[in-house]
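Now for the letters of each chain:
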Amino acid sequence: MSKHFTSEDWIDYVRELQTPAQAARMKDHLDQCDECQKSFRLWAAVNSAAAKDLDYTPPGDAVRIARSLFEPAKPQSFGGLVAKLIFDSAHQPMTAGVRGSVSICRQLLYQYGQRFIDLRVEGHPTSKEVSLTGQIQQSIGQPESIPVALCGGQGTIQHTETNSRGEFHMTFVPEQDLHIEIDMNEKKIRVRVPEISGPGN
Ligand SMILES: [Zn+2]
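Residues numbered from 1 in each chain as written. Predicted model: local features only at pLDDT ≥ 70, side-chain atom pairs only at ≥ 80, totals over all residues. Heavy atoms only, no water.

**Describing the side chain of Gln22**
Turning to its location among the elements, Gln22 is positioned in helix α2 (residues 20–30). There is a polar contact of 2.9 Å between the side chain of Gln22 and the side chain of Arg25. (Helix = DSSP H or I, 4+ residues; strand = E, 2+ residues; numbered from the N terminus. Polar contact = N/O pair within 3.5 Å; in protein donor to acceptor, adjacent residues only side chain to side chain.)

**Points about the nonpolar core**
A general tendency of soluble globular proteins is for nonpolar side chains to be buried together. In this structure, Ile180 and Ile182 are the most contacted members of the largest nonpolar core, which totals 24 residues. Secondary structure elements with two or more residues in this core: β3 (104–112), β4 (115–123), β5 (130–136), β6 (147–152), β8 (167–172), β9 (179–184) and β10 (187–192). Excluding its chain neighbours within four sequence positions, the residues that come into contact with Ile180 are Leu119, Leu132, Val148, Ala149, Leu150, Phe168, Ile189, Arg190, Val191 and Val193. Residues Phe5, Cys33, Trp43 and Phe87 belong to the second largest nonpolar core, which totals 17 residues. (Core = buried A, V, L, I, M, F, W, Y, C linked by side-chain atoms within 4.5 Å. Buried < 20%, exposed > 50% of the residue type's maximum accessible area, 1.4 Å probe, protein only. Contact = heavy atoms within 4.5 Å.)

**A look at the confidence of the model for the chain**
Summing up the model confidence of the chain, the mean pLDDT is 76 and the portion of residues at 70 or higher is 71%. Across residues 69–78, confidence stays below pLDDT 50; counting only partners more than four residues off in sequence or on other chains, it has 17 contacts. Taken as a whole, residues 94–103 scores under 50 in pLDDT and shows 12 contacts with residues more than four places along the chain or in a different chain. (pLDDT = per-residue confidence, 0-100.)

**Description of the pattern of salt bridges**
Tallied over the full model, the rule gives seven salt bridges. Residues Arg165 and Glu167 are paired through a salt bridge, measuring 3.0 Å at the closest nitrogen-oxygen approach. Under the relative-accessibility criterion, Arg165 is labelled partly exposed at 25%. Notably, a salt bridge pairs Asp183 with Lys188, separated by 3.8 Å at the nearest N-O pair. Judged by its relative accessible area of 39%, Lys188 is partly exposed. Salt bridges linked by common partners bring Glu35, Arg165 and Glu167 together as one network. (Salt bridge = Lys/Arg side-chain N within 4 Å of Asp/Glu carboxyl O.)

**Notes on the coordination of the zinc ion**
Those donors, His4 (ND1), His29 (NE2), Cys33 (SG) and Cys36 (SG), are the protein atoms that reach the zinc ion, and they lie 2.0 to 2.3 Å from it. Coordination at the zinc ion is tetrahedral: its four donor atoms span angles of 95 to 130° at the metal. Residue classification places His29 among the buried residues on the basis of a relative accessible area of 1%. Given a relative accessible area of 3%, Cys36 falls into the buried group. (Donors = N, O, S within 2.8 Å, 3.2 Å for Na, K, Ca; no water. Tetrahedral: all angles 85-135°; square planar, octahedral: opposite > 155°, others 65-115°.)

Structural data, given as structure tokens:
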């Protein structure tokens, strides 16, 4: 199988910015790669949600709902460089494909400056643990691996780092006020970890 395409490639693909030859190569790959299917579906949904707005600004309602969900009512020490939520599959009826599946999955996209961070959180039907898969969109000059930490009210819970494609993965029991810290050139970018409600909740 040919190598995976990056988020940047898929963004260009859904926006039809590529040469026909490249688009054809990507379509061939898409037909045989589940991983790239997921990425493609995310970006296609984001692209639709953004309508024709090149700034990826979601419709007002989605923004309002996302704010009420993601910004705590009480001020807390979540300051600093916080990535902005720009897409949440929980608010997109068009991603209904993920509903009704056995595991509960929520997919989100965050933006910090020129950088996109996508998160997929999956609950397991038989355990309290959730699985978090993230990808920091690759950009030129990005290091081979980027340290990523999962943090809660009591400090750091676990550490990992991205692979060379900017991906990382963690499994943990959810608690309140979780976020991840992405260590980017000594700046720590914070991304809120979404809650996921499973059948047991
Ligand atoms: Zn692939």
